[in-house]
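# Geometric and topological summary
Here is what each chain is made of, one letter per residue.
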Amino acid sequence: MLKTSSLALLLGLAGVAQAQLSDTERNLVAAVREQAPVALALLERSVRINSGTLHPEGVRAVGDVFRAELDLLGFSTRWIEMPAAMKRAGHLVATHEGGTGPRVLLLGHLDTVFEQGSSVPLWERQGDRVRGQGVNDMKGGDVIMIEALRALKRVGALDDATVDVMFTGDEERTGAPLQVARADMVALGRRADYALSFEGSSKHDGVDTVSISRRSSGGWVLRVKAKPAHSMGVFSAQSGYGAIYETARILNAFREQVVEPSLTFNPGLVFGGTDVSYAGDTATATAFGKSNVIAREAEVLGDLRYLSQEQGERARGKMQAIVSEGNLPGSTATISFSESYPPMPPTEAGRKLAELYSTVSSDAGLGPVGILDPAFRGAGDVQFVAPYTVAIDGLGAQGRGAHTDDEDLEIASIERGAVRAALLIYRLTHPGAR
Ligand SMILES: [Zn+2]
């Protein structure tokens, strides 16, 4: 299957949408529903293992749980080690060769933001919801993926399907260097016709949504230097304005001149004075200064989120110009930029894939699925494969408060997600079946 045919195929698949399911598809839905108790048990087993990103043994143990399931389904599984200096667990990769048909890549992650010693309970059942470490972000999505594959296997639709699965071990705090940490994912993305990522699904205005675009996540550091002098001379040509006034000029100009739709940048930490320093491992700044001394140094740490490389370049260009030109007397400034997650701009093929997902959802009686505004979502792993394939994200579970002490999950969202995912994977891997 040539990757260039993905859009044509999707157009065809969307075109034959019927408000009903084939016999195989009805069996798929039934298989998912029968397995609901098994799915919940699998979720509990994986959630009861702490897998904070900085706890590699726990991340590997969760990987072992999912690996055993994938082995049973006939996948060939392997653990990819990262260099020891990265201090990350590595990744689980599984492949099922079907011989023909498009290749679909499924993405999940094993780690959570809850490190060992977290006060959040591992697993706390609350009626039809569960609160716990990573229940929604994203062990719920991981289980949805596995249950969809289990249902496909059950009805005989997995045997000829070509599917790669990747569970990363460091999504919440990606290992460095990024190029090494995501090299295997990029390689899988390059050979995939479609990529489906199972991060949490959000409801917007009462409608379930998926993401076809996500904004980059990058950062910038602004460093300002000025002449130290007695404060009585501030504003004079000889003493200048100092590093803090220059920092204020720059930040205000960013706000006034750089803002545009889908672009945000937030100064998260500002510090200045006579002497400053910053400790990255604890995200803590220290500053020494006196009110009667013109500030010699100032620094600002910020983020930058944009929807396309062009928008990122435009923003960086404007910010750079503001930093280099019009400096207040006696001051100089520099800015450096970093990009950790590349932007995932919306594409026509992505939109068609989301439409197909909405169609299978409607066909299964679960209602249509909308497209989420990228402003409502942070960055994620899918962005590393999006440049090479047709990708959507947000096929996971539904819950509240991801990354907070109150992170929880609506248990029924596992079954809904697995029904939709099983049907979508089935139609993508069997384009001639309908
Ligand atoms: Zn996540």
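Refer to the structure printed above.
Residues numbered from 1 in each chain as written. Predicted model: local features only at pLDDT ≥ 70, side-chain atom pairs only at ≥ 80, totals over all residues. Heavy atoms only, no water.

Looking now at the overall build of the protein chain. Across its full length, the protein chain carries 12 helices and 18 strands. Expected size for 434 residues packed as a compact globule is a radius of gyration near 22 Å; at 25 Å, the protein chain falls within 12% of this value. Along the first, second and third principal axes, the C-alpha atoms of the protein chain reach 85 × 45 × 40 Å. Restricting the contact set of the protein chain to residue pairs at least 6 apart, pairs at least 24 apart contribute 79%. When the accessible surface of the protein chain is summed, it comes to about 17,700 Å², and 53% of that surface belongs to carbon and sulfur atoms. Computed over 44 positive and 52 negative side-chain charges, the inter-centroid distance for the protein chain is 2 Å. (Helix = DSSP H or I, 4+ residues; strand = E, 2+ residues; numbered from the N terminus. Rg over C-alpha atoms; globule rule 2.2 N^0.38 Å. Contact = heavy atoms within 4.5 Å. Areas by Shrake-Rupley, 256 points an atom, 1.4 Å probe, with all protein chains shown as cover. Lys, Arg positive; Asp, Glu negative; His and termini not counted. Charge placed at Lys NZ, Arg CZ, Asp CG, Glu CD.)

Quick look at the packing of aromatic side chains now. For the structure shown, the criterion picks out eight aromatic pairs. Note on F235 and Y245: the rings are 5.5 Å apart at their centroids and 50° apart in plane angle, and the pair reads as tilted. One end of the pair, F235, is in the loop between β10 (217–226) and α8 (242–257); the other, Y245, is in helix α8, with 10 residues separating them in the sequence. The class of F235 is partly exposed, set by a relative accessible area of 47%. In this structure Y245 comes out as partly exposed when scored by relative accessible area, which is 43%. Each ring, one from F254 and one from F265, has its centre 6.3 Å from the other, and the planes form 85°; the classification is edge-to-face. Taken together, the residues F254 in helix α8 and F265 in strand β11 (residues 264–273) connect sequence positions 11 residues apart. Members of the aromatic cluster, connected to one another through ring pairs, are W220, F254 and F265. (Phe/Tyr/Trp six-rings, centres within 6.5 Å; stacked < 30°, edge-to-face > 60°. Buried < 20%, exposed > 50% of the residue type's maximum accessible area, 1.4 Å probe, protein only.)

Distances from the zinc ion to its protein donors, H109 (NE2), D137 (OD), E199 (OE) and E199 (OE), fall within 1.8 to 2.6 Å. Because the angles between the four donor atoms bound to the zinc ion fall within 53 to 145°, the donor set is best described as irregular. Look at where the donors of the zinc ion fall in the sequence and you get H-x27-D-x61-E. Here E199 lies in the loop between β7 (194–197) and β8 (203–204) and H109 lies in strand β3 (residues 103–109), a separation of 90 residues in the sequence. (Donors = N, O, S within 2.8 Å, 3.2 Å for Na, K, Ca; no water. Tetrahedral: all angles 85-135°; square planar, octahedral: opposite > 155°, others 65-115°.)

With respect to the helices and strands, the residue S197 is situated in strand β7. A distance of 2.9 Å separates polar atoms of two side chains, one belonging to S197 and the other to D393. Residues in contact with S197, not counting those within four places in the same chain, are L107, V382, I392, D393, G394 and L395. (Polar contact = N/O pair within 3.5 Å; in protein donor to acceptor, adjacent residues only side chain to side chain.)

One number sums up the size of the largest pocket: a volume of about 420 Å³. Along the wall of the largest pocket there are 22 residues; nearest its centre are D137, E199, R214, R377 and A402. Per-class residue counts for the lining of the largest pocket are six nonpolar, nine polar and seven charged. Within this model, the second largest pocket holds a volume of roughly 190 Å³. I244, S291, V293, I294 and A295 are the residues nearest the centre of the second largest pocket, which is lined by 16 residues in total. (1 Å grid on protein atoms, 1.4 Å probe; cavity = no way out; pocket = protein on both sides within 12 Å on 5 of 7 lines; lining within 4 Å. Points joined across faces, edges and corners; volume = space filled by probe spheres on them. Nonpolar A, V, L, I, M, F, W, Y, C, P; charged D, E, K, R; others polar.)

What follows deals with the nonpolar core. Judged by nonpolar contacts, the single largest core of 71 residues is most densely connected at F66, L106, L149, V165, L196 and L424. Counting 23 residues, the second-largest nonpolar core is a separate cluster that includes W220, L263, A298 and A333. (Core = buried A, V, L, I, M, F, W, Y, C linked by side-chain atoms within 4.5 Å.)

According to the stated counting rule, one finds 29 salt bridges in the structure shown. Close ionic contact of R427 with E25 constitutes a salt bridge, the shortest N to O distance being 2.7 Å. With a gap of 402 residues between them, R427 in helix α12 (residues 412–429) and E25 in helix α2 (residues 23–34) connect regions that are remote in the sequence. Residues R427 and E25 agree in their burial class; the two are buried. The partner of R191 in a salt bridge is D164, with the nearest N and O atoms 2.8 Å apart. (Salt bridge = Lys/Arg side-chain N within 4 Å of Asp/Glu carboxyl O.)

Our next topic: the sheet that holds strand β15 (residues 331–341). Ordered in space as β11-β14-β10-β15, the four strands form an open sheet in which the pairing is antiparallel. The sheet terminates laterally at β11 and β15, the two strands that pair on one side only. The sheet shows a mean angle of 15° between the axes of neighbouring strands, taken without regard to direction. Bridge analysis of β10 against strand β14 (residues 297–305) gives eight bridges, and the strand direction is antiparallel. Across the sheet, L222 pairs through a bridge with V300, a residue of β14. (Pairing = 2+ DSSP bridges. Axes fitted to C-alpha atoms, helices over the stretch in contact; angles between N-to-C directions.)

In space, the six strands of this open sheet follow the order β1-β2-β6-β3-β7-β17, with mixed pairing throughout. Strands at the two margins of the open sheet, each flanked by one partner only, are β1 (76–80) and β17 (390–392). Direction aside, the axes of adjacent strands within the sheet are offset by 15° on average. Pairing of β3 with β7 involves four bridges; the strand directions are parallel.

This part takes up the environment of D303. Along the chain, D303 falls in strand β14. With residues near it in sequence (within four places) discarded, D303 still touches G218, G219, W220, T264, F265 and N266. Within polar-contact distance, the side chain of D303 engages the side chain of R305 at 2.8 Å.

When the terminal C-alpha atoms of helix α3 (residues 36–47) are compared, their 16 Å separation across 12 residues agrees well with the 16 Å that a helix rising 1.5 Å per residue should span. Buried residues of α3: A39, L40, L42, L43, S46 and V47, and no others. Along the long axis of α3, the arc covered by the buried residues comes to 160°, so they all point the same way. In this structure, the buried residues of α3 make contact with α4 (56–72), β4 (123–126), α5 (135–154), β18 (408–410) and α12. (Expected span 1.5 Å × (residues − 1). Arc of directions from axis to C-beta.)

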